[in-house]
Amino acid sequence: MPSINLAPGTQYIIAARKRRVRLYGIAVLVVFLFAAAWAALYAYHQALSKNNEDIETKIKTAKAQIETLRSDAVRVSLFEKRLGEVSTLLKSHVRWNAVFADLERLLPVDTVLTNFEAASDASTITVQGITAQVDQVSLAIASLTASEAHPSVFASGSIKNIQRQEQKNGEEASVIYGFTMTLTFDPNILWQ
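Within each chain, residues carry numbers counting from 1 in the order of the written sequence. Predicted model: local features are reported for residues with pLDDT of at least 70 only, side-chain atom pairs are reported and counted for 80 or more only, and whole-chain, interface and lining totals are derived from all residues. Each side-chain value is derived from all of the structure's non-hydrogen atoms; neither hydrogens nor water enter the calculation.

Visitor: Before we go on, may I ask you to explain the UniProt feature "transmembrane region" (unreviewed entry) in the chain in this structure?
Guide: Taking the UniProt record as the reference, the feature "transmembrane region" (unreviewed entry) is found at residues 21-44. Elements are defined by DSSP. Helices are runs of H or I of four residues or more, strands are runs of E of two residues or more, and each kind is numbered from the N terminus. For residues 21-44, the end-to-end C-alpha separation is 34 Å, with 100% helix and 0% strand making up the annotated structure. UniProt positions are given in the numbering used here, feature names are shortened, and annotations may be inferred rather than shown by experiment.

Right, here's the structure in full:
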């Protein structure tokens with residue numbers, strides 16, 4: 001049976017309605033997607049802002065701690081510098097112990113030293129002293145000079161001068177002998 005269309009534009013209207021509903025649905029979906037994206041970006045921005053504030057707070061705290069510890073750091077730095085200088089001094093320290101020990105050990109008992117002249121870079125020392133007997137001067141040279149049976153830091157020695165001096169103590173007069181001697185030694189023992 002044949003059909004007659006009594007409203008010829010209805011199909012077009014129905015199709016247009018379906019398209020309009022689809023367009024509205026797509027528009028609502030696009031608006032929803034943009035709103036969701038904006039909400040996500042806003043939440044991300046807020047999280048970054050909060051994180052930034054936390055980091056700035058930590059930076060301020062760290063700067064305050066640095067300022068409070070700055071004087072300690074300067075003190076530690078200066079201490080390390082002084083420690084390095086002391087270490088350098090100790091490494092280059094001249095040790096006269098062996099020289100003085102041999103002078104004390106090997107000089108005759110009644111010989112008194114009055115002057116001592118030495119330099120760490122020289123291989124000789126000059127010693128002045130006094131003794132009651134002139135023979136003690138030669139004994140001093142002999143005892144200070146090293147030999148196979150007699151160890152000493154001094155390799156050799158020589159007398160520069162001997163002076164006879166009279167001393168009066170009340171009515172008593174005594175004779176003493178002042179002498180100057182030069183002793184030779186190896187200066188490397190000063191750095192050991």
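Visitor: Please explain the sheet that holds strand E1 (residues 112-117) as it appears in this structure.
Guide: Within a beta sheet, neighbouring strands are joined by backbone hydrogen bonds and run either parallel or antiparallel to one another. Pairing between strands is defined by DSSP: at least two bridges between them are needed. Read across the sheet, four strands follow the order E1-E2-E4-E3 without closing on themselves; strand pairing throughout is antiparallel. Each end of this open sheet is capped by a strand with a single partner; those strands are E1 and strand E3 (154-169). Here the average twist between neighbouring strands, direction ignored, is 20°. In the sheet, E1 pairs with strand E2 (residues 124-131) via five bridges, with the strands oriented antiparallel. Residue pairing for E2: valine 112 is matched across the bridge by isoleucine 130. Here an axis means a line fitted to C-alpha atoms, over the contact stretch when the element is a helix, while the angle between two N-to-C directions is reported on a 0 to 180 degree scale.

Visitor: Is there a simple way to explain the packing of aromatic side chains in this structure?
Guide: Aromatic rings considered in pairs are described by the distance between their centres and by the relative angle of their planes. Each Phe, Tyr or Trp ring, with Trp reduced to its six-membered ring, pairs with another whose centre is within 6.5 Å; inter-plane angles below 30 degrees give stacked pairs, above 60 give edge-to-face pairs, and intermediate values give tilted ones. Considering all chains together, one arrives at three aromatic pairs under this definition. Look at phenylalanine 154 and phenylalanine 185: their rings are 6.5 Å apart centre to centre, the planes differ by 85°, and that puts the pair in the edge-to-face class. Taken as a pair, phenylalanine 154 in strand E3 and phenylalanine 185 in strand E4 (residues 172-185) lie far apart in primary sequence, 31 residues in all. Neither phenylalanine 154 nor phenylalanine 185 differs from the other in exposure class; each is buried. The rule is simple: take the accessible area with a 1.4 Å probe, protein chains only, and divide by the maximum for that residue type; under 20% is buried, over 50% is exposed, in between is partly exposed.

Visitor: Teacher, can you tell me more about the pattern of salt bridges here?
Guide: Any carboxyl oxygen of Asp or Glu within 4 Å of a side-chain nitrogen of Lys or Arg constitutes a salt bridge here. A complete count under the given rule lists five salt bridges for this structure. Across the salt bridge formed by aspartate 102 and arginine 105, the nearest N and O atoms sit 2.7 Å from each other. Here aspartate 102 and its partner arginine 105 are both found in helix H2 (residues 97-106), three residues apart, which amounts to about one turn of the helix. By relative accessible area, aspartate 102 is classed as buried at 8%.

Visitor: Would you take a moment to explain the side chain of threonine 131 for this structure?
Guide: Residue position: threonine 131 is located in strand E2. Exposure remark for threonine 131: the relative accessible area of 2% places this residue in the buried category.

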